[in-house]
Amino acid sequence: MQIRNIAIIAHVDHGKTTLVDKILHATHVFRANQETGDLIMDSNDLERERGITIFSKNAAVEYKDTKINVIDTPGHSDFGGEVERVLKMADGVLLLVDAFEGPMPQTRFVLQKALQLNLKPIVVINKVDKPNCRPEEVHEAVFELFFTLDATEEQLDFPTFYGSGKNGWFNTKNEQCADITPLLDGILQYVPAPKVSEGPLQMQITSLDYSSFLGRIAVGKVARGSIKEGQQIALMQTDGSMKRSKVRELYTFMGMGKKKAEEVMAGDICAVVGLEDFNIGDTIADAENPEALPVISVDEPTMSMLFGINNSPFFGKDGKFVTSRHLRDRLIKETEKNLALRVEDSDSADSFLVFGRGVLHLGILIETMRREGFELTVGQPTVLVKEIGGKKHEPYEILVVDVPGEYSGKVIDMVTQRRGEMLVMESKGEMQHLEFEIPSRGLIGLRSNMLTNTAGEAVMAHRFLEYKPWKGPIPGRSNGVLLSKNQDKTTAYSIDKLQDRGYFFVDPGEEVYTGQIIAEHIKPGDLIVNATEPKKLSNMRASGSDDSVRIIPKRQMTLEECMEYIQQDECIEVTPKKIRLRKTILDEDERKKFQKMLKTEEVG
């Protein structure tokens, strides 16, 4: 059977996972009466809740006696590491572009990676049924993008398909047809069959799978030769060492699952069971003539956070895993499959520095850990600074904002306050398209502010550009916080009296402890307040005043909003049931001593 390996790449929300649904349905992977729902490939709980793809996944379909291996990839730049490693398995890419938005920052990022690997691109202009869409202009913009990324003559001659994934049709011209067969025919016609070179076995591990029965499973594309069940192999590791091992079982992908195989030929994607201690990037080679493939290189992380054990008075109430050993083992395990993540030990034995691609990348890791039963504290995200030629350099990003015309002034004002510089401003219908160059530090905390100031209308995206000289201080949060004075349950009576001092993050009847952040102050500077005082009881009833306590509901904040909200001396306590904000040093006297010490160090 002939094989085609294709990865689907695009900016977030341009319709990758919906297109995979249509391919699965068109090739009859499911029975006609089977209930499948939408976004079949987003199988993880977090992906379903947020409506985004986080992990790359494989499916395989059969069409006209050809097996098509389809790889669905994430669209957020924070998960760029997932895309970089799986592109090695593909021979062609479907580049999806929204017919209204056109090429966006992530489109550029993933396309650049695909062109460097010399993959054959097919451009799909999706969502042509949207109002105000401009497929012809978008097609020209895509061509310009290819040109600026130094595409070869052959790559510039890309085929284009138009259609709507939601309505289930794609055609070679912008006219509605019955289904997506023109696109499937296009995949067979334009995507080359895998290049097969003669010689002994070579296969690079590009992703990991896990099964509670079989243990860790290595997934990758056989680059040369063939791999058989029971074969003796050499595992060539990225650090140069070599291990002997044996293939216990082999699987190929079929539909949404896997099927057992006795032998897999070069060009196909397969899963190997029975290997011990392997990592992504290792090569499975022939035992007699072992040769390693070049290591997968992934862009460096740009942001770090301090992960520590939970040392608040409420530790161990919700979680199962609370010690630093649990935390360390879990973080090391994560680096095996999450290539863009790095973990280092810090000065203290109870905390670790975790480096990632952005707030969302680290936020998803924390959210996954709390669902597994971990308790931890995480500090403020900070960007990685490099010394280049004796000068301090920091990461810069390109920020793209699409916003209705009436809010564009506010957006420009907010970004320039954070040391951003405007590069492009153009109108797309009623929307203004703005592009800025901004230090990565300036992006922390920008999203929630921008959504508040534009009534939720702004669509923003960003991608890493390069390291440039340090831009100077960037203003952080202007307001202080209200801290709890003691450990007890909050009362409606106290909160009612304190409501004019700030906006509360806790409801009456919630347990709080000394040093916990319970509200945002309306002024700069922190204030310690007593929110746990009950109403003094006397045997005289004050007429009408007892039942007039009106509490404004607390402000709900997501984990990412909390990460963007906290300042340097604050951290977030994350447990399976609660997310609390607190000061790193809970005791007021200790905190004052520490701040004095810092001031004297600065003067000295």
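Preceding this paragraph is the structure being described.
Being a predicted model, the structure only gives us computed values, none of them experimental. (Residues numbered from 1 in each chain as written. Predicted model: local features only at pLDDT ≥ 70, side-chain atom pairs only at ≥ 80, totals over all residues. Heavy atoms only, no water.)

Trainee: Got a minute to help me understand the environment of G215 in this structure?
Mentor: Relative to the helices and strands, G215 is located in strand 9 (residues 215-224). Residues G215 and E276, 61 residues apart in the sequence, show an inter-C-alpha distance of 9.3 Å. (Helix = DSSP H or I, 4+ residues; strand = E, 2+ residues; numbered from the N terminus.)

Trainee: Explanation requested: the pattern of salt bridges in the structure shown.
Mentor: Pairs can form between side chains of opposite charge whenever their charged atoms are close. One pass over the structure, following the stated rule, counts 32 salt bridges. Salt bridges here are not isolated pairs; linked through shared partners, they connect D526, D569, E570 and K583. (Salt bridge = Lys/Arg side-chain N within 4 Å of Asp/Glu carboxyl O.)

Trainee: Whenever I open this one, a nonpolar patch on the surface confuses me. Can you help?
Mentor: A surface patch of nonpolar side chains, about 250 Å² in accessible area, is lined by F594, M597 and L598. What makes F594 partly exposed here is its relative accessible area of 39%. (Patch = residues over 30% accessible without salt bridge, like charges linked within 9 Å, V, L, I, M, F, W, Y side chains within 5 Å. Areas by Shrake-Rupley, 256 points an atom, 1.4 Å probe, with all protein chains shown as cover. Buried < 20%, exposed > 50% of the residue type's maximum accessible area, 1.4 Å probe, protein only.)

Trainee: Looking at this structure, how should I read the sheet that holds strand 33 (residues 527-529)?
Mentor: Two pairing modes exist for strands in a sheet, parallel and antiparallel, and in both the strands are linked by backbone hydrogen bonds. Sheet architecture is open: four strands sit in the order 30-32-28-33, paired in mixed fashion. Two strands close off the open sheet at either side, each with one partner strand: strand 30 (502-504) and strand 33. Each strand axis lies, on average, 35° off the axis of its neighbour in the sheet, ignoring direction. Pairing of strand 28 (residues 481-484) with strand 33, which is carried by three bridges, proceeds in the parallel orientation. Across the sheet, the residue bridging to S484 is V529, located in strand 33. (Pairing = 2+ DSSP bridges. Axes fitted to C-alpha atoms, helices over the stretch in contact; angles between N-to-C directions.)

Trainee: How should the sheet that holds strand 9 be read in this particular structure?
Mentor: A sheet is described by the order of its strands in space; here eight strands give the open sequence 12-11-17-8-9-16-13-14, paired in antiparallel fashion. What marks the edges here is a single partner per strand, and that holds for strand 12 (242-246) and strand 14 (257-260). If you compare each strand with its neighbour and ignore which way they point, the axes differ by 40° on average.

Trainee: Explain the packing of helix 8 (residues 324-337) against helix 9 (residues 359-371) here, please?
Mentor: Packing of helix 8 against helix 9 brings their axes to within 12 Å, and their N-to-C directions diverge by 130°. Judged by the angle between their axes, helix 8 and helix 9 are oblique. Taken as a pair, helix 8 and helix 9 cross one another with a handedness that is right-handed. Between helix 8 and helix 9, the contacting residues are L327, R330, L331 and E334 on the first element and L365, T368 and M369 on the second. Partitioning the contact of helix 8 with helix 9 into residue classes produces four nonpolar, one polar and two charged. (Parallel < 35°, antiparallel > 145°, perpendicular 65-115°, else oblique. Left-handed = near helix turned anticlockwise from the far one by under 90°. Contact = heavy atoms within 4.5 Å. Nonpolar A, V, L, I, M, F, W, Y, C, P; charged D, E, K, R; others polar.)

Trainee: Honestly, the packing of aromatic side chains in this entry has me stumped. Any pointers?
Mentor: For any pair of aromatic rings, the description rests on two quantities: the centre-to-centre distance and the angle between the ring planes. Counted according to the given criterion, the structure contains six aromatic pairs. With centroids separated by 5.1 Å and ring planes inclined at 90°, the aromatic side chains of F314 and Y513 adopt a geometry described as edge-to-face. In this pair, F314 sits in the loop between strand 18 (303-309) and helix 8 while Y513 sits in the loop between strand 31 (511-512) and strand 32 (517-521), placing the two residues 199 residues apart along the sequence. One exposure class covers both F314 and Y513, and it is buried. Above the ring of Y467, the side-chain terminus of K386 is found at 4.4 Å from the ring centroid. (Phe/Tyr/Trp six-rings, centres within 6.5 Å; stacked < 30°, edge-to-face > 60°. Lys NZ or Arg CZ within 6 Å of the ring centre and 35° of its normal.)

Trainee: What is the right way to read the environment of D98 from this model?
Mentor: Within the secondary structure, D98 sits in strand 4 (residues 92-98). Separated by 66 residues in the primary sequence, D98 and S164 have C-alpha atoms spaced 9.7 Å apart. Discounting chain neighbours no more than four positions away, the residues touching D98 are H14, N126, K127, K130 and V138. One polar contact links D98 to K130, side chain to side chain, over a distance of 3.1 Å. (Polar contact = N/O pair within 3.5 Å; in protein donor to acceptor, adjacent residues only side chain to side chain.)

Trainee: What's the story with the pairing of strand 35 (residues 579-583) in this structure? I'm lost.
Mentor: Within a regular beta strand, the side chains point alternately toward one face of the sheet and then the other, so they alternate between its two faces. The buried fraction of strand 35 amounts to four of the five residues, a majority that puts the element mostly inside the structure. In terms of strand pairing, strand 34 (residues 570-574) meets strand 35 through five bridges, oriented antiparallel. Bridge pairing links V574 to I579 in strand 35. What sits between strand 34 and strand 35 in their antiparallel hairpin is a turn of four residues.

Trainee: When you look at the pairing of strand 24 (residues 391-404) in this model, what are you seeing that I'm missing?
Mentor: By the criterion of burial, strand 24 is predominantly enclosed, with twelve of the 14 residues buried. As defined by bridge partners, strand 23 (residues 386-388) adjoins strand 24 across three bridges and the pair is classed as antiparallel. The partner of K386 across the bridge, within strand 24, is H393. Judged from the nine bridges that link them, strand 24 and strand 26 (residues 431-439) form a sheet pairing that is antiparallel. Each residue of the ladder has a partner; that of I398, found in strand 26, is E437.

Trainee: Would you mind showing me how to read unusual backbone geometry here?
Mentor: Even without being a glycine, N132 presents a positive backbone phi close to 60°. For N132, the position within the fold is in the loop between strand 5 (120-126) and helix 5 (135-148).

Trainee: Quick question: what am I supposed to make of the packing of helix 10 (residues 408-417) against helix 12 (residues 446-453) here?
Mentor: How two helices sit against one another is set out by the angle between their axes and by the gap between those axes. As a packed pair, helix 10 and helix 12 sit with axes 10 Å apart at the nearest point and diverge in direction by 155°. Taken together, helix 10 and helix 12 sit at an angle that is classed as roughly antiparallel. Taken as a pair, helix 10 and helix 12 cross one another with a handedness that is right-handed. The segment helix 10 lies against helix 12, with K410, V411, M414 and V415 engaging L446, N449, M450 and N453. A breakdown of the residues in the contact of helix 10 with helix 12 according to their chemical character gives five nonpolar, two polar and one charged.

That's the geometry; what it means functionally is another story.
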